[in-house]
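# A closer look at the structure
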Amino acid sequence: MNDNLNDMALFAAVVQHQGFTAAGRALGVSKSLLSRRVDALETHLGVRLLQRTSRHFSVTSIGECYAAECQKLLQQAQAAQQVIDDLQQNPRGLLRICTPVMMAEMVIAPLMTEFLTRFPGITLELLAINRAVDLLEENFDVTLRSHNEPLEDSGLYRKALGTLNYVLVASPAFIRALPQPPAIEQLSYLPTLVRKTPWAGGEWELTHLQDGMRKISLTPRLVSNNLLVLRQAAADGLGIALLPEMACKQDLAEGKLLHLLPDWHTPPSSISALYASHKGQSSALRAFLDYLSGKLHGAL
């Protein structure tokens with residue numbers, strides 16, 4: 001069928017340009033190729049479309065009718081291609097995104113106004129869910145994950161977006177109240193603000209360029225699975241928190257929080273977008289992934 005469609009397009013061009021030589025010049029193909037393809041089309045149809053000799057070229061009556069229908073098909077194909085081109089240049093449509101709550105609050109929320117302003121044809125549906133999701137079963141286009149390397153094999157495609165750095169922070173008042181700057185070993189005895197997750201909550205694993213890795217048992221003053229709660233508690237002077245640097249970037253800049261033991265940190269977590277397939281990827285999803293990659297490239 002595809003060969004027939006191609007031959008129909010070539011035949012329509014021959015009729016439009018009133019000859020093989022002019023049509024070949026316009027299409028960038030040889031006159032002999034055009035002649036062979038029109039011959040094949042006539043054989044397939046079982047009719048004579050053109051009358052031609054070395055000196056004469058004319059279109060049969062049935063060829064005239066057939067060429068008109070071929071032109072209609074070409075116009076429809078061009079209109080269909082224009083739809084794709086428009087979507088590529090001006091992405092639009094519904095994009096369903098699923099992320100953990102922390103990712104929605106700390107990574108996606110600050111970027112959405114600019115993204116939706118840049119791409120007014122895209123509608124976002126963002127669900128913050130702290131559980132594993134099945135993209136296909138639950139009809140999501142993409143999910144974002146923070147994770148350690150390597151990422152387990154899920155059968156999904158992955159686009160790496162950046163890395164997430166966690167830092168120790170406390171309020172200036174809390175730090176001033178300490179009798180002396182704390183050493184790493186003293187964290188076990190100081191009030192801490194601890195994020196509770198299914199995989200962590202009782203200790204912090206911190207590394208130092210020269211001193212290596214230490215596991216710190218904690219004495220929590222406050223435990224929460226919400227980073228906004230922990231950030232506010234740290235700013236209010238309730239204790240020391242281990243937070244993503246991007247989550248407290250503004251408070252650090254404004255002096256509401258200060259770095260504590262800045263040479264100690266967790267191994268950086270990767271941020272990845274996971275999606276079902278490269279093929280047939282919508283222009284909206286491609287625009288979203290490219291936008292996030294540009295914004296989140298590098299350490300956060």
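Everything numeric in this text was worked out from a predicted model, so none of it was measured. (Residues numbered from 1 in each chain as written. Predicted model: local features only at pLDDT ≥ 70, side-chain atom pairs only at ≥ 80, totals over all residues. Heavy atoms only, no water.)

### Side note on the overall build of the chain
A count of helical and extended segments in the chain gives 10 helices and 14 strands. Relative to the 2.2 N^0.38 estimate, which gives 19 Å for 300 residues, the radius of gyration of the chain is 32 Å and therefore markedly larger than a compact globule would have. The principal-axis extent of the C-alpha atoms belonging to the chain is close to 105 × 35 × 35 Å. For the chain, with 300 residues in total, the buried portion stands at 38%. For the chain, contacts bridging at least 24 residues in sequence account for 74% of all contacts bridging at least 6. Of the roughly 16,900 Å² of accessible surface on the chain, a fraction of 52% belongs to carbon and sulfur atoms. For the chain, the centre of its 27 positive side-chain charges and the centre of its 28 negative side-chain charges are spaced 6 Å apart. (Helix = DSSP H or I, 4+ residues; strand = E, 2+ residues; numbered from the N terminus. Rg over C-alpha atoms; globule rule 2.2 N^0.38 Å. Buried < 20%, exposed > 50% of the residue type's maximum accessible area, 1.4 Å probe, protein only. Contact = heavy atoms within 4.5 Å. Areas by Shrake-Rupley, 256 points an atom, 1.4 Å probe, with all protein chains shown as cover. Lys, Arg positive; Asp, Glu negative; His and termini not counted. Charge placed at Lys NZ, Arg CZ, Asp CG, Glu CD.)

### With respect to helix H10 (residues 283–296)
Over its 14 residues, H10 runs 20 Å from end to end, which matches the ideal 20 Å to within 8%, given 1.5 Å per residue. Along H10, the residues classified as buried are Ser283, Ala284, Leu285, Ala287, Phe288, Leu289, Tyr291, Leu292 and Leu296. (Expected span 1.5 Å × (residues − 1).)

### Regarding the packing of aromatic side chains
The geometry of an aromatic ring pair is captured by two quantities: the separation of the ring centres and the angle between the planes. Per the counting criterion, the structure on display carries 6 aromatic pairs. Summarising the aromatic geometry, the rings of phenylalanine 115 and phenylalanine 119 are spaced 5.1 Å apart at their centres and angled 50 degrees between planes, so their arrangement reads as tilted. On the basis of relative accessibility, which here comes to 0%, the residue phenylalanine 115 falls in the buried class. Since its relative accessible area comes to 16%, phenylalanine 119 is described here as buried. (Phe/Tyr/Trp six-rings, centres within 6.5 Å; stacked < 30°, edge-to-face > 60°.)

### A word on the nonpolar core
General note: in soluble globular proteins, nonpolar side chains tend to be found buried as a group. The biggest cluster of nonpolar side chains holds 58 residues, and the ones touching the most others in it are Leu168, Leu206, Ile240, Phe288 and Leu292. In terms of residue count, H10 provides more of this core than any other element does, 8 residues in total. Residues within four places of leucine 292 in sequence aside, it is in contact with Ile108, Leu111, Leu144, Leu161 and His297. Within the second largest apolar cluster, 17 residues are counted, among which are Met8, Phe11, Ala23 and Leu34. (Core = buried A, V, L, I, M, F, W, Y, C linked by side-chain atoms within 4.5 Å.)

### Overview of the pattern of salt bridges
Two side chains bearing opposite charge may form a pair once their charged atoms approach each other closely. Evaluated as defined, the whole model comprises 10 salt bridges. The residue glutamate 69 makes a salt bridge to lysine 72 at a minimum N-O spacing of 3.3 Å. A residue pair is termed a helical-turn pair when its members lie 3 or 4 positions apart in one helix, as glutamate 69 and lysine 72 do in helix H4 (residues 61–89) at 3 residues. Owing to a relative accessible area of 45%, lysine 72 belongs among the partly exposed residues under this scheme. The shortest N-O distance in the salt bridge between arginine 131 and glutamate 138 comes to 2.9 Å. Residue arginine 131 is classed as partly exposed on the basis of its relative accessible area of 46%. (Salt bridge = Lys/Arg side-chain N within 4 Å of Asp/Glu carboxyl O.)

### So, the sheet that holds strand S3 (residues 93–99)
Within the open sheet, the 5 strands sit side by side as S4-S3-S5-S14-S6. Their pairing is mixed. Each end of this open sheet is capped by a strand with a single partner; those strands are strand S4 (122–128) and strand S6 (157–164). Here the average twist between neighbouring strands, direction ignored, is 25 degrees. Relative to S4, S3 runs parallel, the two sharing 7 bridges. Bridging from a neighbouring strand, leucine 94 pairs with threonine 123 of S4. Packing of helix H5 (residues 101–108) onto the sheet brings it into contact with S3, S4, strand S5 (142–147), S6 and strand S14 (269–275), and relative to S5 it is tilted by some 95 degrees. Sheet strands touched by H10: S3, S4, S5, S6 and S14. Its angle to S6, the strand with the most contacts, is close to 25 degrees. (Pairing = 2+ DSSP bridges. Axes fitted to C-alpha atoms, helices over the stretch in contact; angles between N-to-C directions.)

### Looking at the pairing of strand S10 (residues 212–217)
Sheet analysis places strand S9 (residues 203–208) next to S10, joined by 6 bridges and oriented antiparallel. Looking at the pairing, histidine 208 lines up with glycine 212 of S10. Linking S9 back to S10 in an antiparallel pair, the connection comprises 3 residues.

### Section: the side chain of aspartate 251
With respect to the helices and strands, the residue aspartate 251 is situated in helix H9 (residues 249–254). Setting aside residues up to four positions removed in sequence, aspartate 251 forms contacts with Arg231, Lys256 and Leu257.

### Side note on helix H2 (residues 20–27)
Given 3.6 residues to a turn, an α-helix orients residues that are three or four positions apart in the same direction. Every buried residue of H2 is accounted for by Phe20, Ala23 and Gly24. Viewed along the axis of H2, the buried residues span an arc of 100 degrees, placing them on a single side of the element. In the stretch just after H2, glycine 28 is the one whose phi turns positive, near 80 degrees. (Arc of directions from axis to C-beta.)

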